[in-house]
Amino acid sequence: MKPNSKSVNDIITDVTERHDDIVDIHSLISDPDNVEIYGARDKEYFQDLCRQIDENGLIEPPIVYSETLEIKSGHTRIAALKELGHTEAPVIWSQTEKPKNKYQNMMRLMTANMGRPSNLERQWNSVTLAIEEYKKNHNGELPPHIVKQICSAAQLSYVYSYS
């Protein structure tokens, strides 16, 4: 990996999906719910992502809320670009507003990360936090169909049975 500052043209290649704009990477804001759900990044995955971006460019630009510059999807990609010495990144402007409700935002983040590699600790943390947040907003109630939705968003199957 090359720590010196690089041009955004190094990462926009023929495999890069469309992008709406190019922004200063340091003006982007991480979603605190994303940090709470996913915690510290997986070092091996992060190193592989850095290598892939360095060799092939950025395939999917991060999605950002235009009014706040908060990252909707792509926190790890932005961190990788910083690690590689980039100061600008192509972005896609979100067509929706950030959910005001923390539970709804957590569900959106988990759903957006469905294709991302995960591990049991990360999945457990995301399910636990989403359940706690849902219960806060619904007087402690937690219907089984909501647990199924949360598990699905965390890439877990939900089977409830006793032998």
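Our structure is the block above this text.
Residues numbered from 1 in each chain as written. Predicted model: local features only at pLDDT ≥ 70, side-chain atom pairs only at ≥ 80, totals over all residues. Heavy atoms only, no water.

This brings us to the overall build of the chain. Across its full length, the chain holds 6 helices and 4 strands. Going from the N terminus to the C terminus, the chain shows its helices and strands as β-α-α-β-β-α-β-α-α-α. The C-alpha extent of the chain, read off along each of the three principal axes, is 55 × 35 × 25 Å. In the chain, once contacts between residues fewer than 6 apart in sequence are set aside, the share between residues at least 24 apart is 83%. Counting only carbon and sulfur atoms, one obtains 50% of the accessible surface of the chain, whose full area is about 9500 Å². The positive charge centre, built from 18 side chains, and the negative charge centre, built from 24, are 4 Å apart in the chain. (Helix = DSSP H or I, 4+ residues; strand = E, 2+ residues; numbered from the N terminus. Contact = heavy atoms within 4.5 Å. Areas by Shrake-Rupley, 256 points an atom, 1.4 Å probe, with all protein chains shown as cover. Lys, Arg positive; Asp, Glu negative; His and termini not counted. Charge placed at Lys NZ, Arg CZ, Asp CG, Glu CD.)

Another aspect to go through is the layout of surface pockets. Reported here for the largest pocket is a volume of approximately 480 Å³. Mapped by element, the contributors of at least two residues to the lining of the largest pocket are α2 (43-56) and α3 (75-83). Counting residues per element, the lining of the largest pocket draws most heavily on α2, which supplies 4 residues. For the lining of the largest pocket, the class distribution of residues is 10 nonpolar, 8 polar and 3 charged. Counted as a void, the second largest pocket has a volume near 260 Å³. In terms of lining residues, the second largest pocket is bounded by 16 residues, among which Ser30, Asn34, Val35, Arg41 and His75 are the most central. Put simply, the parts of the chain that give the lining of the second largest pocket at least two residues each are α1 (32-38) and α3. Ranked by residues supplied to the lining of the second largest pocket, first place goes to α3 with 5 residues. Across the lining of the second largest pocket, the residue classes break down as 7 nonpolar, 5 polar and 4 charged. (1 Å grid on protein atoms, 1.4 Å probe; cavity = no way out; pocket = protein on both sides within 12 Å on 5 of 7 lines; lining within 4 Å. Points joined across faces, edges and corners; volume = space filled by probe spheres on them. Nonpolar A, V, L, I, M, F, W, Y, C, P; charged D, E, K, R; others polar.)

Here we come to α2. Helical geometry: 3.6 residues make up each α-helical turn, so side chains three or four residues apart lie on a common side. Helix length check: α2, at 14 residues, gives a terminal C-alpha distance of 20 Å against a target of 20 Å (1.5 Å per residue), a fit within 8%. Looking at α2, one finds that the buried residues are Phe46, Leu49, Cys50, Gln52 and Ile53. Seen end-on, α2 carries its buried residues on one side only, within an arc spanning 165°. In α2, the exposed positions angled more than 90 degrees off the buried face are occupied by Lys43, Glu44 and Glu55. A positive phi of about 90° marks Gly57, the residue just after α2. (Expected span 1.5 Å × (residues − 1). Buried < 20%, exposed > 50% of the residue type's maximum accessible area, 1.4 Å probe, protein only. Arc of directions from axis to C-beta.)

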